[in-house]
Amino acid sequence: MTLLYSIFKLVRLPNLIIVILTQWFLHHYILLPNFEKANVEYQMSEQHFWLLVIITVLVTAGGYIMNDILDYRLDLINKPQKVIVNKALSQSLSYWLYFGSV
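Reading guide: rules and limits
- Residues numbered from 1 in each chain as written.
- Predicted model: local features only at pLDDT ≥ 70, side-chain atom pairs only at ≥ 80, totals over all residues.
- Heavy atoms only, no water.
- Axes fitted to C-alpha atoms, helices over the stretch in contact; angles between N-to-C directions.
- Helix = DSSP H or I, 4+ residues; strand = E, 2+ residues; numbered from the N terminus.
- Parallel < 35°, antiparallel > 145°, perpendicular 65-115°, else oblique.
- Left-handed = near helix turned anticlockwise from the far one by under 90°.
- Contact = heavy atoms within 4.5 Å.
- Nonpolar A, V, L, I, M, F, W, Y, C, P; charged D, E, K, R; others polar.
- Buried < 20%, exposed > 50% of the residue type's maximum accessible area, 1.4 Å probe, protein only.
- Polar contact = N/O pair within 3.5 Å; in protein donor to acceptor, adjacent residues only side chain to side chain.
- Salt bridge = Lys/Arg side-chain N within 4 Å of Asp/Glu carboxyl O.

### Thoughts on the packing of helix α2 (residues 13-37) against helix α3 (residues 46-70)
Stage number 1. At a minimum axis distance of 10 Å, the contact between α2 and α3 shows a crossing angle of 150°. Classified by the angle their axes make, α2 and α3 are roughly antiparallel. Relative to α3, the crossing made by α2 is right-handed. Along the contact surface, α2 presents N15, L16, V19, I20, Q23, W24, H27 and H28, while α3 presents E46, F49, W50, L52, V53, T56, V57, T60, A61 and Y64.
Stage number 2. Considering only residue class, the contact of α2 with α3 consists of 11 nonpolar, 6 polar and 1 charged.

### Some words on the side chain of S6
Stage number 1. By secondary structure assignment, the location of S6 is in helix α1 (residues 3-10).
Stage number 2. The buried category is assigned to S6, whose relative accessible area is 1%.
Stage number 3. Within the structure, S6 has its side chain in polar contact with the backbone oxygen of T2 (distance 2.9 Å).

### What to know about the pattern of salt bridges
Stage number 1. One pass over the full model with this rule turns up 1 salt bridge.
Stage number 2. Between D68 and R12 there is a salt bridge; the shortest N-O distance is 2.9 Å. Of this pair, D68 sits in helix α3 while R12 sits in the loop between α1 and α2, and the two are 56 residues apart along the sequence.
Stage number 3. Since its relative accessible area comes to 11%, D68 is described here as buried.

Structure below.
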């Protein structure tokens with residue numbers, strides 16, 4: 001397993017993509033039309049929206065990383081083939097990735 005692939009598995013990249021798409025769809029297809037319909041000025045700029053998305057993704061990724069670090073022993077018992085921490089990535093690198101994401 002390559003380092004980049006292991007990191008993507010650790011942060012659960014498909015889930016993060018779902019988070020991004022969910023926020024984007026809610027913003028563009030629910031919030032914006034309803035603000036326009038109610039004749040209320042929408043205050044969040046496009047840059048602030050994407051900053052919110054980035055922050056949400058980083059916090060979510062940090063949660064996934066910490067979950068894998070703290071549940072290492074249980075994961076060895078319940079799903080040993082899916083363990084990433086201490087196998088594909090060292091625990092110290094996992095902590096560095098966590099602290100870099102939050």
